[in-house]
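In case you want the letters, here they are:
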Amino acid sequence: MSRFWSPAVHALEPYVPGEQPKGQSFIKLNTNENPYGPSPKALAAMAGAGGDALRLYPDPVAADLRRVIGGAFGLSADHVFAGNGSDEVLGHAFAAFFRDKGPVLFADVTYSFYPVWCDLHGIPYRRVATDADFNIHIADYTGECGGVILANPNAPTGIALPLIEVERLLRQHPDVVVLVDEAYVDFGADSAASLIAKYDNLLVVQTLSKSRSLAGLRVGFALGQPHLIEGLVRIKDSFNSYPLGRPALAGAAAALEDRAWFDETRARVMADRDAMSAGLRELGFKVLPSQTNFIFASHPGRDAADLLAELRARGILVRHFRSEKIRNWLRISVGTAEECQALVTAMGEILAA
Ligand SMILES: *Cc1c(COP(=O)(O)O)cnc(C)c1O
């Protein structure tokens, strides 16, 4: 609290990111980082983009990177916006498309940053209930609204909706922007990017943080028809003209071009996810079907917060959310095969004790 804060700052309830511990080494399965590291080609490109060139500002419109991103989806660069992590891109999209438009719809169990951006920009919102198994039903997303945001696959549940359902949502709300947050789409779901030519109200947002193992670089992007991209550019250029530095522009482009590294590492993550899910189910956990690099699990006989504390005492970090509907669930990121096995072994010991 400070008397110097603007009145609106007092009312903010900021997002709380997962812990990034200093010192003691943990098996870190709490923030959905990728255990395999960035493409070696991306690392080389970033090293090459440093040095004396850093005295010069980067390209404010990220032309080369946007061309590479567009190329990966069969879209031209004018269908692409790049920003400092997808959190920034999403925040800009809320400002560009949802302000002064009526309530934004999103699931009651989803990425907890959405209500934070709404509050930041004074946007009303309505949470739409998921069912008892945390499934999203598009039929429930009806009524007047100023926009819709759908995380697909959803977080922290890991559940993906088929594209036909995303299309249904786009047709249900043709006069507002439907934002599809695809932070985890590369781990087994279908991207709505293929629908962009058909729907002028679709904006797809992706990140290099998870499937490209570049959470520390901060690169995310949006795909949509040029009129939507232009809206994002207007916000960007009213906020920060240079969201991506030279190393980020070079590293992100090289990472997207290294298809082999991408395919090999995400295949490993998907295989280890399924093995870890099976291991926990054998221990009596309920595990939701995941198309992401994390699983969402609950044990009928044990309190999730207690399990988290027991795991932490054994050097393993996972994530727990306090909201009522998911208070007995843990979100566990997929690490290396050894880390996943260590998690299952530790859970077995905790349950047996
Ligand atoms: C991780 C995540 C993001 C943000 O990723 P950035 O690191 O900011 O690119 C956005 N949406 C969801 C659902 C996420 O889990």
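Residues numbered from 1 in each chain as written. Predicted model: local features only at pLDDT ≥ 70, side-chain atom pairs only at ≥ 80, totals over all residues. Heavy atoms only, no water.

Defined as follows: UniProt positions are given in the numbering used here, feature names are shortened, and annotations may be inferred rather than shown by experiment.
Under an unreviewed UniProt entry, the name given to the chain is Histidinol-phosphate aminotransferase, and the organism recorded is Falsigemmobacter intermedius. The record held by UniProt for the chain lists under Cofactor (unreviewed entry) the comment "pyridoxal 5'-phosphate". Per UniProt, the comment on the chain under Pathway (unreviewed entry) is "Amino-acid biosynthesis; L-histidine biosynthesis; L-histidine from 5-phospho-alpha-D-ribose 1-diphosphate: step 7/9."

## Overview of the UniProt feature "modified residue: N6-(pyridoxal phosphate)lysine" (unreviewed entry) in the chain
Let me state the cut-off plainly: Here a strand is any run of E in DSSP of at least two residues, a helix any run of H or I of at least four, and the numbering for each starts at the N terminus. Contacts were defined at the residue level, with two residues in contact if any of their heavy atoms lie within 4.5 Å. N or O atoms closer than or at 3.5 Å make up a polar contact, with two conditions inside protein: a donor-capable atom paired with an acceptor-capable one, and, for residues adjacent in sequence, both atoms drawn from side chains.
UniProt's feature table lists "modified residue: N6-(pyridoxal phosphate)lysine" (unreviewed entry) at K210, given in the numbering used throughout. You can see K210 is positioned in the loop between β7 (202-207) and β8 (220-224). When residues no more than four places from it in sequence are discounted, the contact partners of K210 are N32, N34, A183, Y184, F187 and N293. A distance of 3.3 Å separates polar atoms of two side chains, one belonging to K210 and the other to Y184.

## Digging into the packing of aromatic side chains
Cut-off, in case you're wondering: Pairing of aromatic rings covers Phe, Tyr and Trp, the last through its six-membered ring, and needs centres within 6.5 Å; plane angles under 30 degrees mean stacked, over 60 mean edge-to-face, and all others mean tilted. The cut-offs for exposure are 20% and 50% of the maximum accessible area for each residue type, with area from a 1.4 Å probe on protein chains only; residues under the lower value are buried, those over the upper are exposed, and the others partly exposed.
Going through the model one piece at a time under the given rule, you end up with 18 aromatic pairs. Relative to F296, the ring of F134 lies with its centre 6.1 Å away and its plane at 75°, an arrangement referred to as edge-to-face. Of this pair, F134 sits in the loop between β4 (125-128) and β5 (147-151) while F296 sits in strand β10 (residues 294-298); the two residues are 162 residues apart in sequence, bridging distant segments of the chain. In this structure, F134 and F296 share a single accessibility class: buried. Considering the side-chain rings of F296 and W329, the 5.2 Å spacing of their centres and the 20° angle between planes classify their relative orientation as stacked. Linking F296 in strand β10 with W329 in the loop between β12 (319-320) and β13 (330-333), this pair joins segments that are 33 residues apart in sequence. The exposure class of F296 is buried, given its relative accessible area of 0%. Residue W329 is classed as buried on the basis of its relative accessible area, which comes to 9%. Connected via pairs of aromatic rings, a cluster forms that spans Y15, F94, F98, F106, Y111, F113, Y114, W117 and Y125.

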